[in-house]
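Structural features, examined
Spelled out from the first residue to the last, the chains are:
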Amino acid sequence: MKTCPKKFLLTFFLIFSITFMTQKVLATSDLTLEWEQHWDTYGSGGTCCYGTHNFFVDDLDNDGTKELITGGFSYNVANNTRISYEAPLKIWTWDGEDLVCESAQSWNGSIRAVYASDIDNDGLTEIITAGTATNQTGRFPQINIWSYDGQNIIHKGNYNGTSAYSIYITKINQNQTPFIITAGTKTIQNKTLAQLSIFQWNENKLNLLDNKEWASIEAYAYSVYAYDLNNDGTTEIITGGYDNGLQNSTGQLRVWSWTNNQLLLQTNTQWQTIPNLYGATISGLPMGNTKVNNIKVADIDQDNTPEIITGGWTYDGTVINAQLRIWNWTGQTLFLEKSQEWISEDITEIKSISINNVDNDNQIEIVTSGLTSVYGSFNNTESTPDHAQLRIWTWNNNQLTLDLSKDWTIGDGVVAWNLATADIDNDQTVELITVGCMGESGLCDPDLRIWSINHQRNLTDNTQTIILLITTSIIISIAIIIYFKKTKPVHQQTKTH
């Protein structure tokens, strides 16, 4: 007797659909803490890896393994008094079991931003740091160039006088010599201006090619990136920060071009949630209205159009919301595709962004790190301590979806200032690394953490959905049985003559 193909296909489709849906429901993910690293000053002094660009991951010595670069500032304490203030440049490696500091360099000063790239086309990667240096004349902004041979950090040169919070290195207009681009500030007659600067490294010297300053009242440029935003073969430069002063700050996003050896502003966009207001920090000082802390650019939905992703915060008149925005640039104007705000405590803020496929699903994710805290927590030891926050998002079909979220605290509170995502132990799995600043007994520590995504089965959290699936399966099965009975084949009798 022949089997009915339609019945077979229908049954197979039913079983496959139910199994697939059940698997999707049961599959959940969580973040697993692989490692927690304190600094050598832990308990006797302090180190803080502040800023939102003070951490970088790259293969510095061409050995096939990615190194971790950290900056910040360190101090030691004696008799409740700080006796030192140093810039701690450190290089680390992670083999999946241990995090090892391979090399370290320090000087009197601080590091606000780090980056690594081949800046002179010699096949070797240089490290670029931006921060401050201190000598007998005082403290001043300084950019330093370093190399790393696998054992030692070697100083190659510096440039004094440019204050930078962010560094990016790229080639523009097919130029074969990379440009070093920095975003920061410049103070003129007690007025703080945002500043964009562009350099080239030539014959062991960092040469300033151009810089631009701007401010309506007071402005900061916290982040810089470079990308061909409209697929015309020319690289644009993007800066993010704020303008109009703390008491009415506007989030600011600017697109620049490098034309005829000078920086030209192409477009400027500013925004607020509710104007003419400002929120307060955890200590009660003015925090501002809206700010951009970090920007990244990538084609995150693989539609051949790059997206600009900004992370920061905005004040709604009551609380300070984290703000994640996705933009396109048409070649003339910036178009906002999505603005996502959320609040966990009184203050929730994105500090850093990383773009990567972090869970091997062929989908690029947006990963954000930052903090959430309550008003007055700095002055009230009994209040909720600051919590670090790590979130993973996907952007697809103009929909922003939160895939995973993790909050944690340690000591007197912690902030995940910096973030990177990379396979740092060559296990074919992307790790998420956060580093920032935690407080404990009045001292600081970066509290570097290495996370991995743990895929697991979760029965309890999806009980109602599972019951619904089972009920639906039973109903569909009964319907198929009835269908089979009604369509029972009729056997023809053979005629005899």
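Quick summary incoming for the structure in this document. (Residues numbered from 1 in each chain as written. Predicted model: local features only at pLDDT ≥ 70, side-chain atom pairs only at ≥ 80, totals over all residues. Heavy atoms only, no water.)

Digging into the overall build of the protein chain
For the protein chain, the helix and strand inventory stands at two helices and 33 strands. Going through the 497 residues of the protein chain one by one, you find that 51% of them count as buried. Within the protein chain, counting contacts between residues at least 6 apart in sequence, those at least 24 apart form 53% of the total. Total accessible area computed for the protein chain in this model is approximately 23,600 Å², and 49% of it derives from carbon and sulfur atoms. (Helix = DSSP H or I, 4+ residues; strand = E, 2+ residues; numbered from the N terminus. Buried < 20%, exposed > 50% of the residue type's maximum accessible area, 1.4 Å probe, protein only. Contact = heavy atoms within 4.5 Å. Areas by Shrake-Rupley, 256 points an atom, 1.4 Å probe, with all protein chains shown as cover.)

Considerations on the side chain of Asn144
Looking at the element boundaries, Asn144 is found in strand 10 (residues 138-148). Here the side chain of Asn144 touches His155 through a polar contact of 2.8 Å, side chain to side chain. Once residues lying within four places of it in the same chain are set aside, the contact partners of Asn144 are Trp107, Ile127, Ile128, Thr129, His155, Gly157 and Asn158. (Polar contact = N/O pair within 3.5 Å; in protein donor to acceptor, adjacent residues only side chain to side chain.)

Points about the packing of aromatic side chains
Within this structure, the stated rule accounts for 20 aromatic pairs. Judged by centre distance (6.1 Å) and plane angle (10°), the rings of Tyr165 and Tyr220 are stacked. Highlighted residues: Tyr165 in strand 12 (residues 163-170) and Tyr220 in strand 16 (residues 220-227), separated in sequence by 55 residues. For the pair Tyr165 and Tyr220, a shared accessibility class is recorded, and that class is buried. (Phe/Tyr/Trp six-rings, centres within 6.5 Å; stacked < 30°, edge-to-face > 60°.)

What about the sheet that holds strand 14 (residues 191-201)?
Pairing is antiparallel in the open sheet, where four strands are placed in the order 12-13-14-15. Of all strands in the sheet, those bounded by a partner on one side alone are strand 12 and strand 15 (206-214). For this sheet the average axis-to-axis angle between neighbouring strands, irrespective of direction, equals 25°. In this structure, strand 14 lies alongside strand 15, joined through eight bridges in antiparallel fashion. Note that in strand 15 the partner of Trp201 across the bridge is Leu206. (Pairing = 2+ DSSP bridges. Axes fitted to C-alpha atoms, helices over the stretch in contact; angles between N-to-C directions.)

Overview of the sheet that holds strand 17 (residues 236-243)
One open sheet accounts for four strands, arranged 16-17-18-19; its pairing is antiparallel. Either end of the sheet is taken by a strand with one partner, and the two such strands are strand 16 and strand 19 (262-271). Strand-to-strand twist of the sheet, defined as the mean angle between neighbouring strand axes without regard to direction, takes the value 20°. In this sheet, strand 17 lies alongside strand 16 in antiparallel orientation, the contact comprising seven bridges. Paired with Tyr227 across the bridge in strand 17 is Glu236.

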